[in-house]
Each structure stands twice: as C-alpha cells, then as structure tokens.
Amino acid sequence: MKKAPHDENCVLEVHDVTMKFNKYAVGVDSLKELIVRAFRGDLKREKHVCLKHISFQINRGEAVAVIGRNGVGKSTLLKIVSGILKPTSGWARVYGRISPLLKLGAGFDGNATGMENIYLNAAIMGYTKKEIDEKLPEIIEFSELGDFIYKPVQTYSSGMHSKLAFSITAFLDTEIILIDEVLSVGDMSFREKSYAKMKEIISHKDKTVMIVSHSNASILELCDDVLWIHDGLVKEYGPAAEVVENYEGFMRRYRKRHENDGKR
C-alpha cells in the first residue's frame, strides 16, 4: 500500500469504503415477471458487494488512474468520491472544489439548452454568475457546438454531450477533477484536442486528477500513480509503470486461462 501523505498535501481521502447493492436472485425470465413478483413480495433479493474496505489517499497535484476489469467497481468508486453515491460503510472526503466528469450528460437537464446547462453545472460546483460569464466564451469555443449551444441538450448526440461536458470541466478552475472514460468518446479531432487539454491541466502542480481509463498508453503518459481494483479490493496502488506492467501480465494470463477453458 502506498505510504500515506502528509495531511497538508492530502486532497482526496477514502477510508475503509465498502459498497453493497441489492440484486435480484436468478430465476426471473422477463421484466414482466420481475414486476409481478416484486409486487407480490416473493422476489428474493441478494446483496452484491461491489467494493470491499477500500482505502487510499491522493496528494495535491497528483494524477491517479483507476484500472481493473469491467464490473469491479471503478465507476462506483468515482461516484462515491464525488458524493453521488453514499457508501454502505466507510467514507470519502475531498479537500477542495471538485469537478466530476463521470458520464456523458450526467447532471444535464435535457430540456434546458447547452448554454443553460453550462450555468447550471457551474453553479452546482459553486461558481458565481460573474465567474461563469468570464469562462463562458472559452467553454463555448472549445465545445465546437456552434448554434447547438442554444438548443435543448436532449437533442444532442452522444458526441455533443461529450464535448459540452468536457468543455465545462476543462475551463472551470477546480482543484480536483474526476474523469470516467470520457477522453475516448467523440470524433477524432475532439479526442485529440481534449487529450491535449487534459495534459495541460495535469501539468499544473495544483491540479489533482483521478481518472478511470482502459487505455494503458494514456495512463502511462498522463498519470503518476495507478490504483488497481480486483474483486472489489485494492490489489495494487503505486507508480504507474509498475502497476500497469503487473496488470497487463495479469490480463494476459487471465485471457489465456479463459481461452484454454473454452477449448475443453
């Protein structure tokens, strides 16, 4: 486990976080049966443990990636850190203004225009109208939305959602940024531009970034450290090159084992 930082440098702290979700037992063959059995009260529910006793700390100015196979709880962890989800036990604390970019369009009001959503999202993050007004031209220009900035967000494509969400996050002056796989979405030109902007953000020593990504090449270029989650537990937390190498070796063995199982 990575050595705990000095208190004055710690900007993000997770302590003994466990997250459990209710899930329905197998044996339900259709949505209709699910609804009927739930109404009758004879639908058995089980507890699924997504995260188990997760603890770590991130220092000011660090960029940390969260990796692991699909379904291990990476996105859930970011939602807990951002305050969207409350853990079953344990706690997560951030010391500074936080900007979560967790899912395309998350936090957007579909009936409101792109312009209105800029003000709405920035206000939720604690910005005044004057502060938003100052950043607005840069956000709109970077988003490349043109006249669509005045149209309801519910008319946007997924790529347009990505552009607006990233632009808001990139140009608001937050100390802590949480990113969940959004750098891989959108057209090629915008991906390259957003990637360059993220490198610029991370270069600032006062910016702290926590990112979920499946691109090991991006992780090695952008991040100082990597948190590897496996079966809901912290398997490793340390220097990016070291943890990524161990993870890639693990995944090669995992795929080979499953390929051999499929041939039997």
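Our structure is the block above this text.
Residues numbered from 1 in each chain as written. Predicted model: local features only at pLDDT ≥ 70, side-chain atom pairs only at ≥ 80, totals over all residues. Heavy atoms only, no water.

**Q** Before we move on, could you go through the sheet that holds strand β6 (residues 176–180) and cite the residues and values that matter?
**A** Overall, mixed pairing links the 6 strands, which are arranged β5-β6-β7-β3-β8-β9 in an open sheet. Where the open sheet ends on each side, the last strands, each with one partner, are β5 (98–101) and β9 (233–239). Neighbour to neighbour, the strand axes of the sheet diverge by 15 degrees on average, direction disregarded. Against the sheet, helix α2 (residues 74–82) touches β3 (63–67), β5, β6, β7 (208–212) and β8 (225–230), its axis set at about 150 degrees to β6. (Pairing = 2+ DSSP bridges. Helix = DSSP H or I, 4+ residues; strand = E, 2+ residues; numbered from the N terminus. Axes fitted to C-alpha atoms, helices over the stretch in contact; angles between N-to-C directions. Contact = heavy atoms within 4.5 Å.)

**Q** Any chance you could break down the layout of surface pockets for me, citing the residues and the numbers?
**A** Looking at the second largest pocket, its volume works out to about 160 Å³. Among the elements that make up the lining of the second largest pocket, the one with the highest residue count is helix α6 (residues 188–203) (3 residues). Along the lines of polarity and charge, the residues of the lining of the second largest pocket split into 4 nonpolar, 1 polar and 6 charged. (1 Å grid on protein atoms, 1.4 Å probe; cavity = no way out; pocket = protein on both sides within 12 Å on 5 of 7 lines; lining within 4 Å. Points joined across faces, edges and corners; volume = space filled by probe spheres on them. Nonpolar A, V, L, I, M, F, W, Y, C, P; charged D, E, K, R; others polar.)

**Q** Could you give an account of α2, naming the residues involved and the relevant values?
**A** For α2, a buried count of 7 out of 9 residues is recorded, marking the element as mostly surrounded by other parts of the structure. Of all the residues in α2, the buried ones are K74, T76, L77, L78, I80, V81 and S82. G83, located one to two residues past α2, shows a positive phi value of around 95 degrees. (Buried < 20%, exposed > 50% of the residue type's maximum accessible area, 1.4 Å probe, protein only.)

**Q** Break down the nonpolar core for me, with residues and values.
**A** I118, L164, I168, M198, V209 and V226 are the most contacted members of the largest nonpolar core, which has 47 residues in total. Setting aside anything within four residues of it in sequence, one finds V226 in contact with A65, I67, I219, E236, Y237, G238, A240, V243 and V244. Membership of the second largest hydrophobic core comes to 25 residues, among which are L12, L77, L178 and Y237. (Core = buried A, V, L, I, M, F, W, Y, C linked by side-chain atoms within 4.5 Å.)

**Q** Pulling in residues and values, what's your account of the pairing of β6?
**A** Among the 5 residues in β6, 5 count as buried, and that is most of the element. The alternating pattern of β6 places I176, L178 and D180 and I177 and I179 on opposite faces, both of which are buried. Sheet analysis places β6 next to β7, joined by 5 bridges and oriented parallel. Note that in β7 the partner of D180 across the bridge is V212.

**Q** Before we move on, could you go through the packing of helix α4 (residues 129–143) against helix α5 (residues 158–171) and cite the residues and values that matter?
**A** Running from amino to carboxyl end, α4 crosses α5 at an angle of 145 degrees, the nearest separation of the two axes being 9 Å. Handedness of the crossing formed by α4 with α5: right-handed. Together, K135, E138, I139, F142 and S143 of α4 and K163, F166, S167, I168 and F171 of α5 make up the contact between the two elements. By residue class, the composition of the contact of α4 with α5 is 5 nonpolar, 2 polar and 3 charged. (Left-handed = near helix turned anticlockwise from the far one by under 90°.)

**Q** So what's going on with the packing of helix α3 (residues 114–124) against α4? Which residues, and what values?
**A** Between α3 and α4, the shortest axis-to-axis distance is 10 Å and the interhelical angle comes to 130 degrees. The orientation of α3 with respect to α4, classified from their angle, is oblique. Relative to α4, α3 is oriented so that their crossing is right-handed. Residue-level contacts link M115, I118, Y119, A122 and A123 of α3 to K129, I132, D133, L136, I139 and I140 of α4. Residue composition of the contact of α3 with α4, by class: 9 nonpolar, no polar and 2 charged. (Parallel < 35°, antiparallel > 145°, perpendicular 65-115°, else oblique.)

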